Amino acid sequence: MPNLYCTPLGGTVRDRFVRSLAEAVVAGRGREEAYLLPSSYLLNEVRQHMRDMGLSGYEQPNLLSFDELVDEILHLAGVRRWFMDRMTQELLVNKVLAEVRSSVGLPYFNSIAEFPGYVSAVTSLLAEIKRTGASPDEFAAAAAAREWPAKDQEVHVIYCAYQNSLAKLGLTDLEEKYYLAIQALDAGQAALPYRRLFISEFYILTPLQVELVRRLNRTVTLEIGMIYEKNRPEMFAAVESTYSELVGMGFTPYFPAVSRTSAAGLDHARRFLFATDSVPIAADGAVEFVSSPSREKEMTVIAAKIKNLLLTGAYRPEQVAVVVRDTGIYKDFRNICGEFGIPVSLPREEQLKDQPLVRMLTNVCAARMTNGARHAVINLMKSPFCPELAGFDADDLEQRTLDHVVRTWDDWFSLFERRPGGAENSARRASFDKLRNLVGRLPKQGTCRRLTDAFKEFVVAIAVAKRLGEARRLGLLTQERLKAGLLTLQIIYDTLDEMEQGFAMVGEEEKKLTLSEFLVYFHKALAGKTMILESYNASGVQVVSPAGVRGTTFRAVFVLGLTEGEFPLRDRDNWLYNEGDRTLF
């Protein structure tokens, strides 16, 4: 009989599950059991816990996320499909929209096709529909209950066409992986090696995860832990459906005794959370409120408070948690804590889109597309790679154009002819001509392969790695910036290869793109990509999101950014379907 352990808010059965998993590892049954957790933070914490228990000499425990379990099922079932990244998915959706529009027409969507973010919004909508577990036929049934408004009819046609394209091209998105895994389990095509699975720290299970659990429950002993308390509907309304689904599958619920040791502090929080005046500390000293005029000031104040805690000697850095809605928003917290001498867990990472080489490629495209317009060339010259190529920097160039109208490359050369300078001016003109020719190698139109090759050739021509190395030897570049530059170069090459592969995957390898269109896809392919310059520090103050640390306990917790509408984040309506419509579906 599968068991469902329902713990009160702040409780967890993770230690219980870890002990059971450890016993299996010691007994040589580690391969037969696995533990599913929702975040990399929790997976790493369990690994560390097991090492602390002296199990490092044994076989590695099976610690997985749901997505990794799905990948394992598909591998065992022999399902071989290409997984699409977001750029490739939007490329496929754009192709599907064009095909449907030309075959049956899309009157509703034609009216909004020129809206910014149209393809991205449709892609997100399809993913949201699929996450509910609704097939095209089930979506049609829900739409029929609404008397088939035109928008629903067109979404249904698009959904069907998109699913057909996935099957025809042998592609999959994240949600499709779950569908395929469920089908493989139904058909008995995947024999998992596990006899028992532990699952915990999920507030809810998505419809697709519920269906996966339903199939696993037929062949594997399941032990699930979730945060849920009876008779508290306001607090656990979102969890109720998951609880009901699991009990309906035959799970036996267990409710440990509820401890209310923090009642006084929580009551203090309830009374003073939105106070506008100075807020007193709770009588037991457990809860304190701090107001700050800006995010930077907030981080500085909290860093000072953490420093004072650590100076008492009663706390270790890893026993302190800083909870933020989005760690990316608080990336500067690492530097601020560094000024106080406080180690933090945040890795030192940077967005690819912010790197000088990426900005340079963007400006090269702008200079090519505008035929050397003044603003485009000056922006290009601000790249650290260009002044050496052209013989002067952006400030010099901008100074020269104060009394001269520059719209094209020819205007630039006219400017050089009007300026005195003799041999020096001629040399600069020749260097600038080399830069123009280099920019001119980029085709204004071509297939994805032609344009990716042109990007690679440009990067090779400006000898990025060589220039970075020379700058480092001259002391003009720190070791960290050298590492960032070389990582950027490698990731750009990988991204260009991924783009070429993505276009081929959806059958668009011969599609003609303007340089402007290609640049949009390039930015989409880079979106969200980061590079780690310094690794995660497990012994530092833990900077975490709420979802990543469910069921964990710290001696001191600082919650930053409690701004109404931002944390918690207020639901925002999708412009294709509002919140009411989406809830109905």
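Just so we're clear, the structure is a prediction, and the values are computed from it rather than from any experiment.

Calculation criteria
- Residues numbered from 1 in each chain as written.
- Predicted model: local features only at pLDDT ≥ 70, side-chain atom pairs only at ≥ 80, totals over all residues.
- Heavy atoms only, no water.
- Helix = DSSP H or I, 4+ residues; strand = E, 2+ residues; numbered from the N terminus.
- Buried < 20%, exposed > 50% of the residue type's maximum accessible area, 1.4 Å probe, protein only.
- Contact = heavy atoms within 4.5 Å.
- Areas by Shrake-Rupley, 256 points an atom, 1.4 Å probe, with all protein chains shown as cover.
- pLDDT = per-residue confidence, 0-100.
- Salt bridge = Lys/Arg side-chain N within 4 Å of Asp/Glu carboxyl O.
- Phe/Tyr/Trp six-rings, centres within 6.5 Å; stacked < 30°, edge-to-face > 60°.
- Lys NZ or Arg CZ within 6 Å of the ring centre and 35° of its normal.
- Pairing = 2+ DSSP bridges.
- Core = buried A, V, L, I, M, F, W, Y, C linked by side-chain atoms within 4.5 Å.

Engineer: Where do I start with the overall build of the protein in this structure?
Structural biologist: Scanning the protein from N- to C-terminus turns up 25 helices and 15 strands. Among the 585 residues that make up the protein, the fraction classed as buried is 45%. Considering only residue pairs separated by 6 or more positions, the protein has 76% of its internal contacts joining residues 24 or more positions apart. When the accessible surface of the protein is split by element, carbon and sulfur atoms take 51% of a total near 29700 Å².

Engineer: Before we go on, may I ask you to explain the confidence of the model for the protein in this structure?
Structural biologist: Any residue range with low pLDDT should be treated as having predicted coordinates unsuitable for detailed reading. When pLDDT is averaged across the protein, the result is 85; 88% of the residues are at 70 or more. The secondary-structure element of the protein with the lowest mean pLDDT is helix α17 (residues 386-390), recorded at 58, while strand β11 (residues 445-446) shows the highest, at 96.

Engineer: Before we go on, may I ask you to explain the pattern of salt bridges in this structure?
Structural biologist: It is possible for side chains bearing opposite charge to pair when their charged atoms get close. Tallied over the entire structure, the rule returns 24 salt bridges. Arg316 is the salt-bridge partner of Glu318, the closest N and O atoms lying 2.8 Å from each other. Taking the relative accessible area as the measure of exposure, Glu318 reaches 27% and is therefore partly exposed. The class for Arg316 is partly exposed, based on a relative accessible area of 47%. Here the salt bridges share partners, and the residues they tie into one network are Asp186, Glu211, Arg214, Arg215, Arg218 and Glu245.

Engineer: Just to check I follow, could you spell out the packing of aromatic side chains for this structure?
Structural biologist: Any pair of aromatic rings gets described here by the distance separating the centres and the angle formed by the planes. Under the defined criterion, the tally for this structure stands at 15 aromatic pairs. With a centroid separation of 6.4 Å and 50° between ring planes, the pair formed by Tyr228 and Phe255 is classed as tilted. In this pair, Tyr228 is assigned in the loop between β7 (221-227) and α11 (233-248) and Phe255 in the loop between β8 (252-254) and α12 (263-272), connecting sequence segments 27 residues apart. Taking the relative accessible area as the measure of exposure, Tyr228 reaches 5% and is therefore buried. A connected cluster of aromatic rings, assembled from ring pairs, spans Tyr5, Phe17, Tyr35, Phe198 and Tyr254. Directly above the aromatic system of Phe255 lies the positively charged group of Lys230, at a separation of 4.4 Å from the ring centroid. Geometry around Tyr330 places Arg295 over its ring, the cationic atom sitting 5.3 Å from the centre.

Engineer: Looking at this structure, how should I read the side chain of Glu90?
Structural biologist: For Glu90, the position within the fold is in helix α4 (residues 86-103). Residue classification places Glu90 among the buried positions, given a relative accessible area of 6%. Those residues in contact with Glu90 that lie beyond four places of it in its chain are Val119, Ser120, Thr123 and Lys524.

Engineer: Even after reading the chapter, I still don't get the environment of Ala184, so can you show me in this structure?
Structural biologist: Within the secondary structure, Ala184 sits in helix α9 (residues 174-186). Considering only alpha carbons, one finds Ala184 and Gly78, 106 residues apart in sequence, at a separation of 9.2 Å. Look past the residues within four positions of Ala184 in its chain and what remains in contact with it is Ile73, Ala77, Gln189 and Ala190.

Engineer: Looking at this structure, how should I read the pairing of β7?
Structural biologist: On a regular strand, one side chain projects to one face of the sheet and the next to the other, so that they alternate. With respect to burial, β7 is a largely interior element, six of its seven residues being buried. Sheet topology note: the strand β1 (residues 3-7)/β7 ladder contains five bridges and is parallel. From the neighbouring strand, Leu4 faces β7, where its bridge partner is Ile224. Here five bridges tie strand β6 (residues 196-200) to β7, and the two strands are oriented parallel to one another. By the bridge assignment for β7, Phe198 is matched with Glu223.

Engineer: What's the story with the pairing of strand β9 (residues 320-323) in this structure? I'm lost.
Structural biologist: Every second residue of β9 is oriented toward a common face, with Val320 and Val322 on one face and Ala321 and Val323 on the other, all of them buried. Here four bridges tie β9 to strand β15 (residues 556-559), and the two strands are oriented parallel to one another. Its bridge partner being in β15, Val323 is matched across the sheet by Val559. With three bridges joining them, β9 and strand β14 (residues 542-544) adopt parallel strand pairing. Bridged to Val323 within β14 is Val544.

Engineer: Could you clarify how one ought to interpret the nonpolar core in this entry?
Structural biologist: Most often, soluble globular proteins have nonpolar side chains that are buried together. Of all hydrophobic cores here, the largest spans 128 residues; its most connected members are Leu212, Val213 and Phe455. Of all the elements, helix α23 (residues 479-505) adds the most residues to this core, at nine residues. Among the nonpolar cores identified, the runner-up in size contains 22 residues, and Phe17, Met50, Phe198 and Val549 belong to it.

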